[in-house]
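# Structure at a glance
This is what each chain is made of:
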Amino acid sequence: MDNFTFYSPTFFVFGRDTEKEAGSYVKKFGGTKVLIHYGGGSVVRSGLLDRVKASLDREAIPYLILGGVKPNPRSGLVYEGIDICRKEGVDFVLAVGGGSVIDSSKAIAAGTVYDGDFWDFYNGKYIEEALPVGTILTIAAAGSEGSPDSVITKEEGMFKRGATGNAIRPRFSILNPALTQTLPAFQTAAGITDIMAHLYERYLTNTTEVEVTDRLIEALLLTMIHEGPRVIEDPDHYEARANIMWAGMMAHNNAVGVGRSQDWNSHNIEHELSALYDCAHGAGLAVTMPAVFRYVMNHNVMRFAQVAVRVWGCQMDFAHPEVTALAGIEALRHFLKSIGMPGNFAELGAKEEDIPKLVEVLCRGDGRQGSISGFVTLTEEDCTKIYQMMV
Ligand code: NZQ
Ligand code: ZN
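Residues numbered from 1 in each chain as written. Chains lettered and ligands numbered in written order. Predicted model: local features only at pLDDT ≥ 70, side-chain atom pairs only at ≥ 80, totals over all residues. Heavy atoms only, no water.

Mapped onto the elements of the fold, Arg74 is located in the loop between strand E3 (63–66) and helix H4 (75–88). Side-chain polar atoms of Arg74 contact the backbone oxygen of Asn72, separated by 2.8 Å. Residues within four places of Arg74 in sequence aside, it is in contact with Ile152, Thr153, Glu155, Met158 and Asp278. (Helix = DSSP H or I, 4+ residues; strand = E, 2+ residues; numbered from the N terminus. Polar contact = N/O pair within 3.5 Å; in protein donor to acceptor, adjacent residues only side chain to side chain. Contact = heavy atoms within 4.5 Å.)

Here is the structure:
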């Protein structure tokens, strides 16, 4: 196991009706004037926004409201939010929605107290300072409710890039599984896929002797395999949604990723797809992961065989471990298909003729030098082949 530090100070409030306490948690964490940030309207239709406003009113905390965050959130609205926070003296950003809303809120929070262009953070500058952020989560997926990360798409060039810093870890996150019951099945499944990707991207490590985190990741993957189909079949299954929601947080606050190198090449390769085609991040990952895994499998075939045996229940073929490894990747692909995820470029809405453009942005965009690194370093040629495998 490698040396590590781990700092995860978010205060979690979990369970039914907990969103009604939002105002008191804003107060507890020092907010005196709030920007409520939300997405395309699901929180208006469900009545959640009204409940959040009422809870702030009860604490006599003034607020402004900025809606309109799109999935795969854009830089334009971030600039607008930063402007509002500066002009109005906002000192707390409250995200009400999914990963996109939370990430946009984090970008606004960091940008408001920064003299330069907030995009610097998405070009590699570490976020040292930000307004405090609180979240009320409505979809189990991105894990942004417990992570120090934010992913934004820059409209000029459609670069989708991540930023990080402990300053943007939410001060509190309210997780009421019942709020996820209004999700369309496709979004629920995309969220499940994203959570599984966060687990796989940590599982694919070059660090040895990481039994504790291996075992934790396997437990969370098994949970997703058990609970995923239950919630697709019965969207109102509170207990299944509760297990998925907490697994989604644990998959990505890095408790299961400490002390080990991680991959993130599937995410990098997917981010160009959701940037160009505006598809759901999880749906893009469903197409990306099996292709990447097949491509890099021989780098450490026993790692893939291990997850195949321990998580997917495959038989170990000791003479041919690659057969076991492949069976595990196939099991993942079948599972994702069974919950309604796309399996190839056409089902995702992606086009083969765009592959050179995707590879160019992926491997050369924003200062990259012709490759992406992770479990295996992938060159432009590798990435081209991987995209072709998805067709
Ligand atoms: O915008 P509204 O109307 O709220 O609708 C959203 C949106 O259309 C809808 N939705 C959310 N909760 C709902 C609901 N509809 C009905 N009922 C509810 N309860 O679902 C759609 C997707 O929402 P979004 O926030 O985009 O989903 P998700 O949480 O999957 O976030 C995706 C974004 O997170 C980034 C992705 O790249 C993508 O941009 N990621 C962020 C990470 C992080 N910050 O740590 C890590 C991830 O790997 C990921 O890259
Ligand atoms: Zn993700």
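A few words now on the coordination of the zinc ion (ligand 2). At 2.0 to 2.2 Å from the zinc ion (ligand 2) lie its protein donor atoms, namely Asp194 (OD), His198 (NE2), His267 (NE2) and His281 (NE2). Sequence spacing of the donors to the zinc ion (ligand 2): D-x3-H-x68-H-x13-H. Here His198 is found in helix H6 (residues 185–203), whereas its partner His281 is found in helix H10 (residues 281–296), with 83 residues between them in sequence. Accessibility assignment for this pair places His198 and His281 in one class, buried. (Donors = N, O, S within 2.8 Å, 3.2 Å for Na, K, Ca; no water. Buried < 20%, exposed > 50% of the residue type's maximum accessible area, 1.4 Å probe, protein only.)

All right, on to helix H5 (residues 99–112) then. Given a rise of 1.5 Å per residue, 14 residues ought to cover 20 Å, and the 20 Å separating the end C-alpha atoms of H5 matches this to within 8%. Taken across its 14 residues, H5 has 13 buried, putting it largely inside the fold. (Expected span 1.5 Å × (residues − 1).)

Let us now look at the site of ligand 1. Lining the immediate surroundings of ligand 1 are 31 residues, of which Gly40, Ser42, Gly99, Ser100 and His198 lie closest. Computed on the free molecule, ligand 1 has an accessible area of 960 Å², of which 89% lies beneath the protein chains in the complex. Taken together, the residues of the shell around ligand 1 break down into eight nonpolar, 19 polar and four charged. Shared between two domains, the shell around ligand 1 takes at least three residues from each, and those domains are domain 1 (11–179) and domain 2 (185–390). (Near = heavy atom within 4 Å. Areas by Shrake-Rupley, 256 points an atom, 1.4 Å probe, with all protein chains shown as cover. Nonpolar A, V, L, I, M, F, W, Y, C, P; charged D, E, K, R; others polar. Domains from an automatic or database assignment.)

Geometry only, nothing functional implied.
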